[in-house]
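# Working through the structure, step by step
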Amino acid sequence: MPLIKTPPPHGGKLVDRVVKKREIAEKMIAGCPTFELKPTTLPDGTPIRHVYREIMSICYGFFSPVEGSMVQNELERVLNERRLLSEWIFPYPILFDVSEEDYKALDVKEGDRLLLMLKGQPFATIDIEEIYRIDPTDVATRTFGTPEKNPEVVREPFNEKHPGYMIYKMHNPVIIAGKYTIVNEPKFKEPFDRFWFPPAKCREVIKNEKKWRTVIAHQTRNVPHVGHEMLMKAAAFTGDIEPCHGILVNAIIGAKRRGDYPDEAILEGHEAVNKYGYIKPERHMVTFTLWDMRYGNPIESLLHGVIRQNMGCTHHMFGRDHAAVGEYYDMYATQILWGEGIPSFGFEAPPNEVDYGLKIMPQNMAEFWYCPICQEIAYSESCGHTDAKQKFSGSFLRGMVAEGVFPPRVVMRPEVYKAIVKWWKVYNYPFVNRKYLDMKNKELEIDLPAMEVPKA
Amino acid sequence: MPHYISVILDDERYAKIKGTPLEEKITYLFGGQLKSLVVEVPEEKSEQILKTFDKARIDSRGYIEDVPVAFRRAVFEEIAKAKSLDVIDKVLERLPEIQEAAKKEDEYIPPPEIE
Ligand SMILES: [Zn+2]
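Before going into details, it helps to say that this report is about the structure given with it. (Residues numbered from 1 in each chain as written. Chains lettered and ligands numbered in written order. Predicted model: local features only at pLDDT ≥ 70, side-chain atom pairs only at ≥ 80, totals over all residues. Heavy atoms only, no water.)

Summing up its helical and strand segments, chain B has 5 helices and 5 strands in all. In chain B, the succession of helices and strands from N to C terminus is β-α-β-β-α-β-β-α-α-α. Taking 2.2 N^0.38 as the reference for a compact globule, 115 residues should give roughly 13 Å; the C-alpha atoms of chain B span a radius of gyration of 14 Å, in line with that estimate. Taking the principal axes of its C-alpha atoms as reference, chain B extends roughly 40 × 35 × 25 Å. For chain B, restricting intrachain contacts to residue pairs at least 6 apart in sequence, the fraction spanning at least 24 positions comes to 61%. Accessible surface, chain B as shown: approximately 6500 Å² in total, 49% of it carbon and sulfur. Between the mean site of the 18 positive side-chain charges and the mean site of the 25 negative ones, chain B shows a separation of 2 Å. (Helix = DSSP H or I, 4+ residues; strand = E, 2+ residues; numbered from the N terminus. Rg over C-alpha atoms; globule rule 2.2 N^0.38 Å. Contact = heavy atoms within 4.5 Å. Areas by Shrake-Rupley, 256 points an atom, 1.4 Å probe, with all protein chains shown as cover. Lys, Arg positive; Asp, Glu negative; His and termini not counted. Charge placed at Lys NZ, Arg CZ, Asp CG, Glu CD.)

With that settled, the discussion passes to the packing of helix α3 (residues 69-82) of chain B against helix α5 (residues 95-103) of chain B. To describe two helices that pack against each other, one gives the angle between their axes and the distance between the axes. Residue and element names in this part refer to chain B. In the contact formed by α3 and α5, the axes pass within 8 Å of each other and the chain directions differ by 140°. With respect to their mutual orientation, α3 and α5 come out oblique. Touching Ala70, Phe71 and Ala74 of α3 are Leu95, Ile98, Ala101 and Ala102, all from α5. The residue inventory of the contact of α3 with α5, partitioned by class, reads 7 nonpolar, no polar and no charged. (Axes fitted to C-alpha atoms, helices over the stretch in contact; angles between N-to-C directions. Parallel < 35°, antiparallel > 145°, perpendicular 65-115°, else oblique. Nonpolar A, V, L, I, M, F, W, Y, C, P; charged D, E, K, R; others polar.)

What follows concerns the pattern of salt bridges. Residue and element names in this part refer to chain A. Here the structure, examined in full by the defined rule, presents 45 salt bridges over all chains. Two residues, Lys256 and Asp263, come together in a salt bridge whose shortest N-O distance is 2.6 Å. Under the relative-accessibility criterion, Lys256 is labelled buried at 9%. Through salt bridges with shared partners, one network takes in Arg53, Lys256, Asp263, Asp292, Lys440 and Glu445. (Salt bridge = Lys/Arg side-chain N within 4 Å of Asp/Glu carboxyl O. Buried < 20%, exposed > 50% of the residue type's maximum accessible area, 1.4 Å probe, protein only.)

Encoded structure:
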């Protein structure tokens, strides 16, 4: 087997649609009609998505080769075959949606440039290629699949209890398609700023600073307990002639479910794992991607593959119930996709074995538990004392945290727990609640420098 | 069939029951690092708990889970006071007060006193 090298970006080239020169940006936006970006909300007003996060992830190359909001033919292709018009695989509809009222007030047409405002400042442009309408419920249903059409892995029809389904169902019906360009680079707030490694930068750090040849990605939306830490350490034993040189934690930052941990605690919790030597910083690095998680299990795992390949990872670990909520999908749906493919979603073979597919390699992992007979944290496929297992249960841990009980270090590292408490003191709550969602929606992760819009 | 409530003992809680007969009743998990006490709850009383707290449920092992923090804290307080696990009636007497505290838990849970 030859030595593994950093894979090329998905689609061959990293998308970079961020204008850094103020004069060029000003020329681009002069005289443009403007539109202040709005969150997607549930009927009760709860914010569940902010399109600014998608614009950031596209323009900085996380979603390469996607460059903007999809035209109708591309939307259909993604829903039917999970492929872009350029043939490259891609899992999710990426859409810039506005309401009928806003569309009427905007008075824009194909060929126009629309300036998107954020927090009252110019943020990005969209060069309008097409304007069309969708049935949001239809898009939502087809995005995640149905038990009838996708019997390999869909177990229950998606409904209003599924957060990702609701994100698409609550999309506005008018879609403005076209490429995004960021014209006013946002500044990340603390602590986000120190974890911001867009793909080009991340590849540079991996190559020149960390000097990792092989890197395995770890998806997270959670503060890590020791079960997660063991998963990272053990999955990293894959590689080629030696274990992977690096472990890249990539947290998904965006609107969350109530009861999840706040984003700040997730990032600093993972950081504590390397800062305090549980996995030393020479081997472990924490980053994030802006995305309002769709909880799409196998579909989400494809996006994770795209993002982390673009960031320069060679491998990606996948556990069971990957990016899942509820029992809509088979608990092994992601592993089935990466192990054999899911034909009804367009994959006759795994995503890294099809044409125009991904180059990142999957590492499907089972479970870790504490075994009192082995007297160690054991791998479920090794330890034969199934009846004696003591599981790392997320809900059990959350109960412990809520109660203010200091978890034992074999369950959660004390420094990780302290990261939870630090943000608990800031928000007066250890988990995401309505107040946090509203605050997050207002403040976002960034600030925008002041910028005038010159007259045409 | 009775149900159970597990009360985790961190160092602070352990100190409060150390040297009492309760010490013999501690259940050890994760190589002895996680200590807990298990309170038995007769079925009619666990029904009352489920009725009072709408998120509460019985898990596959028969443990009452997803009860408010205030409830669990009250269970430990009564255990520490009585030096016994036979406290469920005492806890149920405090239900109105616990319910009041639980109402605020969607908005506020007091953070622990650690630096
Ligand atoms: Zn064992």
